[in-house]
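Letter by letter, the chains look like this.
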Amino acid sequence: MGHTILEKIIALQKKTSNIRNLCILAHVDHGKTTLADCLVANNGIISSRLAGKLRYLDSREDEQIRGITMKSSGISLHYTTGGNEYLINLIDSPGHVDFSSEVSTAVRLCDGAIVVVDAVEGVCPQTQVVLRQAWLENIRPVLVINKIDRLIVELKLTSQEAFTHLQKILEQVNAVTGALFTSKVLEERAEKDADATSSCTENSSGDQVYDWSAGLEETDDSDLYFSPDQGNVVFASAIDGWGFRIHQFAEMYSQKMGIRSSVLLKTLWGDFYINAKVKKIMKGAQAKGKKPLFVQLVLDNIWNLYDAVVTRRDKEKVEKMVTSLGLKVMSRDLRHSDPRVLLSAICSQWLPVSQAVLSMVCEKLPSPAEIVAERVEKLMSVGARRFDSLPEKTQELKKAFLDCSADEMAPVIVFVSKMFAVDSKALPQNKKRPLTQEEIAQRRELARQRHGERQAANQSTETSGSVDAGGTSILAAPATSSVTDALCAQTEALSVKTAVEEEGKEQFVAFARVYSGVIRKGQKVFVLGPKFDPSLALRMLSGGCSATDALPTIPHMACCTVDSLYLLMGRELEELDEVPSGNVLGIGGMEEFILKSATISTSLACPPFTPLNFEATPIVRVAVEPKHPSEMPKLVRGMRLLNQADPCAEVLIQETGEHVLVTAGEMHLQRCLDDLRERFAKIEISASKPIIPFRETVVRPPTLDMVNEELGKQQKVAVIHQVKEEQTKYPEGVQVDSTGLVMLTTSNKMATVGVRAIPLPEDATRLLEDNVELIRTMVQLSLFAWEGKTLDINQKILENIQDFKVKLESHLQGHKWRGAVERIWAFGPRRCGPNILLNNIEGYQRPSVWQCLKCVKEKEKAEATTLRDFDNSIVSGFQLATLSGPMCEEPLMGVCFSVETWDMKLSTPPAQQDSVDENSVSQCAETSNDNQSLSSELQDVHETDMSTTGSNRSRSRVEAMGSSVDCYGPYSGQLIASVKEACRYAFQAKPQRLMAAMYTCEIMATADVLGRMYGVLSKREGRVLHEEMKEGTDMFIIKAVLPVAESFGFADEIRKRTSGLACPQLVFSHWEVISSDPFWVPTTEEEYLHFGEKADSANQALKYMNAVRKRKGLYVEEKIVEHAEKQRTLGKNK
């Protein structure tokens, strides 16, 4: 990169009002990187001829091979329009659903977005996702409708048909935006009217009438939608290098036709036409069968150009067009055999896409100084805290955000959205820089001096050689020169060795944006983790302090020095000394302090930013091990680096010692394994088959058997009971009655627990699963309330908890669920899962899990309801039982365990619970192999709980242990084990089923490959939900569900079978019960006829269950050898 360009960018970085931070968002293969190439070529960084072919921002080798973007990468461009110079920080993001986490990291750093839509495919699933992400982050989008050349060349539409098609695409995009806007307005309106009930009027019958449309009518949404006359839509073909806004044609035709450009601007897009007789623009083109203005003045010209250049190759017409447009086309382009080269040469001069897009960006997208207050408050409010409840000093920082000031006194606030790995030889300080004229002159002078010295030395040796006594000196000279040569060689070898070591080392650069102040090289700053609490830090440090002071240790805060600052230039980095507010940058030397994302500030009052919204859930997991066991330390280090470099990947270590990698999908997994082999670990590794997650549940007793016969015949029922009795032989001390109630006594016969398993309704299970974070917050708040602590709770959080409670009550209807919500003892596993523990013990009134709601209503501490001794042991046993079920040790889902009896015969009443009780949940979290991040947060809650209780409590626990320990171990431990076993037996007393993880599969395909595509889906247990034809095209959109267990290799197979004409997008959707019973065996004559003596047709649930049990080393009941024939032994052969 030239010095002049770098100096210009550094100068522009200081003009905040002329900076535009934007990202390019779109569905996969809609032309994001090609468009980015055109914008980069405008700055002369790459040749305009290579734009679209080079894919400059796809710097990875696998990105170039696959032809899709996998990592978001940034570049800084400068653009001059209307006499103003602008700095454009552009971030290109991936479109594949597996890499949607990269989109989240890009969107957070931007103020605007270019949404690219394919003119043929229209709005696709990922287009809707990126529009929602942009909406959630409060950034303003502009639209580019790309690949219009496909309408001409592939679909062969007329200009009139293309106009109708483009209108429909625009309507689809605006429909998505409108839905997001409507939901937001109605939500805000509902919040306002929750306090003021006056807006709800009563009619004569006494029913309440609510006018939902009122909020929408009052709110201004004129700037929200995409419309060509507003200037926020560009029509383009990035591969051919052309693009335009209707402003350009309005100005062009206003001079030719003598009509004001403002009039043309309003009428060029819409149902208007020119009446040639009266020379007026009139409305109603469609009704009167006239050509709309947009077709007549814009599209017809482009269609004629394509017709002359690409279709007919009419040289005379082309030359005529070129001269009429006043363009200069090189003769080699005119003679070129590929017509697209000539087309690109003409279009890139006539309607350059870079100018259209960049001028739209500069006009329509906001600068960093125009950040809205709503977005600032949203960024600063983390978790359950509302902005008003933050400390005063923290609230004062809002002004620094809004000012976006680069003053010396302004606090530095920087957000790091991700860490990305860079080869150390690619860093600017390790590169050989081009020499300046002064340096070249100095080196020339130095070389002359050395040459002169060498000549003088040679002359002196010649003269001394002529003297007889000089023989010794002649012999000594080669000896000294050989010594110096050896020293030189040694130093060279050392330098080469260090250089090789440096080259092999991966350096991490933080991908960040400055929101306030100026960050400088060598500056000391605070790195604030996601759990950092500014109020705690301000309490610990009463006076004002800076990062240079000696500070006490504050949780989730580190102090460090900024090592280096970089300007992101796609594949290259340029070193900077300082970066003012409003700019996107790279920060070096942060790998020791930041794992994935963090907030950097010079003020301890700064809160950590809200976490990023990740659309894709990591669900595909594999166990990784090195080919050679001695290389295990390298693998561990490599996985640590991979975890830091990828925002979505997770690295876990199971209790078996396996290193597990969790990724968002098959392609993401492949990229992570390639990175591990080639960049981070640099060793040969072997990955297991993907570890498929399952869930275990119970269902209502089925009414039909496997051959759809009613289960009412006495003989058949008797046979089934007989089979069940053989299957489940309960040990001593366990009693199971006909209703499924399990009574279990502890080993020391001191306590008896009665538990019953009840299947939860499907809606209730889904509600629990969707509100995991809310349940976790609720449990934490209830814990604080129980301890008598006060906490400023966000009113919205309390409203959400109340809504959650009401919805749960509505889903748990019927006599058996009456009052069940108030009697919820705990949720599990990990205290926030989709299973419930119910308190149905007569005479035991314990504090409710909804205690936080009661505390706020009564404005006082929790009522003094005492817990029964060893209450926590029951909860811990339930947590362990729900964490690993009896079928294949997978977590339970949608099961309610009702504790009906709990009798204790204790001679010495223990004081409080045992220490085992408190730590039991953290133990189960350690043993889990699933979602360790959840367990770590839960452990934090317990640590705070344990730290608040004093030494007296711990002393009483020790005394309690002494009083309640017998030969079977601590009493609390026995109770935990008994409750766990009771839950497992209660689970087994009901019809058991496996639940499989399901993907939603969206496929776009042409009619001629539909049959082959359905074949692949049915082979993999897929189920088509619906299919619809995309209007104006021959494409079908098929929506299906597919088990995650059957999805591996699905994308490759469907591409092979359809010759690349269908490409699926897989997104994790939900859990679904597998209908077949894994323990079923044929018992009746019909079943023997239908399924064979040994159920010869594969039982899908049994197949999955046995596969999981085998992987976990559990007992699997199967015959290894069947129908074996007799074989001669060695003994008989003698």
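Treat the numbers as computed from the prediction; the structure is a model and nothing was measured.

What is the right way to look at the overall build of the protein in this model?
When you go through the protein residue by residue, the secondary structure sums to 38 helices and 38 strands. A burial count over the protein gives 49% of its 1134 residues as buried. Sequence-distant contacts, at least 24 apart, represent 76% of the contacts inside the protein between residues at least 6 apart. As displayed, the protein offers around 55,100 Å² of accessible surface, 52% of which is attributable to carbon and sulfur atoms.

Looking at this model, I keep getting lost on helix H37 (residues 1100-1112). Mind explaining?
Given 3.6 residues per turn, any residue in an α-helix points the same way as the ones three and four places further on. The end-to-end C-alpha distance of H37, which contains 13 residues, comes to 19 Å, matching closely the 18 Å that a straight helix rising 1.5 Å per residue would cover. Among the residues making up H37, those that are buried are Gln1100, Ala1101, Tyr1104, Met1105, Asn1106, Val1108 and Arg1109. Elements in contact with the buried residues of H37: strand S26 (694-698), strand S35 (992-1006) and strand S37 (1035-1043). Of the residues flanking the start of H37, the one acting as N-cap is Asn1099, its side-chain oxygen 3.2 Å from the backbone nitrogen of Ala1101.

What exactly am I supposed to notice about the sheet that holds strand S31 (residues 835-839) here?
Backbone hydrogen bonds hold the strands of a sheet together, and the pairing may be parallel or antiparallel. Pairing in this open sheet of six strands is mixed, and the strands run S27-S28-S29-S32-S31-S30 from one edge to the other. This sheet does not close on itself; its edge strands, each paired only once, are strand S27 (734-736) and strand S30 (824-828). Across this sheet, the average inter-strand angle for adjacent strands is 20°, counted without regard to direction. As defined by bridge partners, strand S28 (residues 742-745) adjoins strand S29 (residues 751-759) across four bridges and the pair is classed as antiparallel.

Is there a simple way to think about the sheet that holds strand S22 (residues 620-626) in this case?
Overall, antiparallel pairing links the four strands, which are arranged S23-S24-S22-S25 in an open sheet. Each edge of the sheet is formed by a strand with only one pairing partner; in this case those strands are strand S23 (650-653) and strand S25 (685-687). On average, adjacent strands in this sheet sit at an angle of 30° to one another, irrespective of strand direction. Alignment of S23 against strand S24 (residues 659-663), held across four bridges, turns out to be antiparallel.

Any chance you could explain the packing of helix H4 (residues 100-108) against helix H5 (residues 125-136) here in plain terms?
Axes are the key here: two packed helices are described by the angle between their axes and the distance separating the axes. Where H4 contacts H5, the two axes come as close as 10 Å, and the packing angle between them is 30°. Comparing the axis directions of H4 and H5 gives the class roughly parallel. Judged by the twist between their axes, the crossing of H4 over H5 is right-handed. Only Gln126, Val130, Gln133 and Ala134 of H5 make contact with H4, whose side of the interface consists of Ser100, Val103, Ser104 and Val107. Classifying every residue of the contact of H4 with H5 gives four nonpolar, four polar and no charged.

Can you help me understand helix H18 (residues 392-403) in this one?
Among all positions of H18, only Thr394, Leu397, Lys398, Ala400 and Phe401 are buried. In an axial view of H18, the angular spread of the buried residues amounts to 165°, which keeps them on one side of the axis. In H18, the exposed residues that point more than 90 degrees away from the buried face are Glu392, Glu396 and Lys399. Close packing links the buried residues of H18 with helix H17 (373-380), strand S12 (413-423), strand S13 (506-516) and helix H21 (534-540). Positioned one or two residues after H18, Cys404 has a phi angle of 50°, which is positive.

Honestly, the environment of Glu900 in this entry has me stumped. Any pointers?
Along the chain, Glu900 turns up in strand S32 (residues 895-904). As a C-alpha pair, Glu900 and Asn839 span 61 residues in sequence and 7.2 Å in three-dimensional space. Discounting chain neighbours no more than four positions away, the residues touching Glu900 are Leu741, Gly754, Arg756, Asn840 and Ile841. A polar atom in the side chain of Glu900 sits 3.0 Å from the side chain of Ser898.

Looking at this model, I keep getting lost on the pattern of salt bridges. Mind explaining?
Pairs may arise between side chains of opposite charge once their charged atoms sit close together. Taken as a whole and judged by the stated rule, the model has 39 salt bridges. Residue Arg766 pairs with Asp763 through a salt bridge whose shortest N-O separation is 3.3 Å. Placement of both Arg766 and Asp763 in helix H25 (residues 762-770) is noted, with a separation of three residues, approximately one turn of the helix. Judged by its relative accessible area of 39%, Arg766 is partly exposed.

Could you clarify how one ought to interpret the pairing of strand S3 (residues 84-92) in this entry?
When a strand is regular, its side chains alternate between the sheet's two faces. Counted residue by residue, S3 has seven buried out of nine residues, so it is predominantly covered. Sheet topology places strand S1 (residues 19-26) next to S3; six bridges connect them, and they run parallel. Of the residues in S3, the one forming a bridge with Ile19 is Leu87. Linkage of strand S2 (residues 73-81) to S3, two consecutive antiparallel strands, is achieved through a turn of two residues, within which Gly82 is found at a positive phi near 60°.

Is there a simple way to explain the packing of helix H29 (residues 871-883) against helix H33 (residues 971-988) in this structure?
Between H29 and H33, whose axes approach to 7 Å, the crossing angle comes to 45°. For the element pair H29 / H33, the angle class is oblique. By crossing handedness, the relation of H29 to H33 is classed as right-handed. Residues Ser873, Ile874, Ser876, Gly877, Phe878, Leu880 and Ala881 of H29 pack against Ser972, Leu975, Ile976, Val979, Lys980 and Cys983 of H33. A class-by-class count of the residues in the contact of H29 with H33 yields eight nonpolar, four polar and one charged.

Any chance you could explain the packing of aromatic side chains here in plain terms?
Pairs of aromatic rings are described using the distance from one ring centre to the other and the angle between the two planes. Summed over the entire model, instances satisfying the criterion amount to 26 aromatic pairs. Here Phe401 and Phe609 contribute two aromatic rings whose centre-to-centre distance is 5.6 Å and whose plane-to-plane angle is 45°, an arrangement assigned as tilted. Here Phe401, found in helix H18, pairs with Phe609, found in the loop between strand S21 (598-601) and S22; they are 208 residues apart in sequence, far enough to count as distant. Take Phe609: its relative accessible area is 5%, and that puts it in the buried class. Plain terms: the ring middles of Phe508 and Phe680 are 6.5 Å apart, the flat faces sit at 10° to each other, and that makes the pair stacked.

Would you mind going over the confidence of the model for the protein with me for this structure?
Caution is warranted with low-pLDDT regions, since their predicted coordinates should not be read in detail. Summing up the model confidence of the protein, the mean pLDDT is 80 and the portion of residues at 70 or higher is 80%. Throughout residues 467-492 the model reports pLDDT below 50, and contacts reaching past four residues in sequence, or to other chains, amount to three contacts. Confidence over residues 494-503 falls short of pLDDT 50; this stretch has four contacts with residues more than four positions distant or in other chains.

What should I look at first to understand the nonpolar core in this one?
Nonpolar side chains tend to gather and get buried jointly when the protein is soluble and globular. Judged by nonpolar contacts, the single largest core of 105 residues is most densely connected at Ile114, Ile519, Ile587 and Met590. Here this core gets seven residues from one element, more than from any other, and that element is helix H16 (residues 353-364). When sequence neighbours within four positions are dropped, the list of residues in contact with Ile114 reads Leu22, Cys23, Ile24, Leu25, Leu35, Val142, Val144, Val357 and Val361. If you look at the next biggest cluster of nonpolar residues, it comprises 58 residues, including Ile148, Tyr253, Phe272 and Phe294.

Just to check I follow, could you spell out unusual backbone geometry for this structure?
In this structure, Pro829 follows Gly828 across a cis peptide bond, with omega equal to 0°. Within the secondary structure, Pro829 sits in the loop between S30 and S31. Phi angles above zero are rare outside glycine, and Lys156 is one such case at about 55°. Located in the positive-phi region is Lys749, a residue other than glycine, with phi close to 60°. Turning to its location among the elements, Lys749 is positioned in the loop between S28 and S29.

I keep staring at the environment of Leu853 and nothing clicks. Help me out?
With respect to the helices and strands, the residue Leu853 is situated in helix H28 (residues 851-858). The class of Leu853 is buried, set by a relative accessible area of 7%. Each C-alpha atom of the pair Leu853 and Met778 lies 9.1 Å from the other, and the pair is 75 residues apart in sequence. Contacts of Leu853, omitting those with residues within four sequence positions, involve Leu798, Ile801, Gln802 and Lys805.

What counts and what doesn't
- Residues numbered from 1 in each chain as written.
- Predicted model: local features only at pLDDT ≥ 70, side-chain atom pairs only at ≥ 80, totals over all residues.
- Heavy atoms only, no water.
- Helix = DSSP H or I, 4+ residues; strand = E, 2+ residues; numbered from the N terminus.
- Buried < 20%, exposed > 50% of the residue type's maximum accessible area, 1.4 Å probe, protein only.
- Contact = heavy atoms within 4.5 Å.
- Areas by Shrake-Rupley, 256 points an atom, 1.4 Å probe, with all protein chains shown as cover.
- Expected span 1.5 Å × (residues − 1).
- Polar contact = N/O pair within 3.5 Å; in protein donor to acceptor, adjacent residues only side chain to side chain.
- Pairing = 2+ DSSP bridges.
- Axes fitted to C-alpha atoms, helices over the stretch in contact; angles between N-to-C directions.
- Parallel < 35°, antiparallel > 145°, perpendicular 65-115°, else oblique.
- Left-handed = near helix turned anticlockwise from the far one by under 90°.
- Nonpolar A, V, L, I, M, F, W, Y, C, P; charged D, E, K, R; others polar.
- Arc of directions from axis to C-beta.
- Salt bridge = Lys/Arg side-chain N within 4 Å of Asp/Glu carboxyl O.
- Phe/Tyr/Trp six-rings, centres within 6.5 Å; stacked < 30°, edge-to-face > 60°.
- pLDDT = per-residue confidence, 0-100.
- Core = buried A, V, L, I, M, F, W, Y, C linked by side-chain atoms within 4.5 Å.

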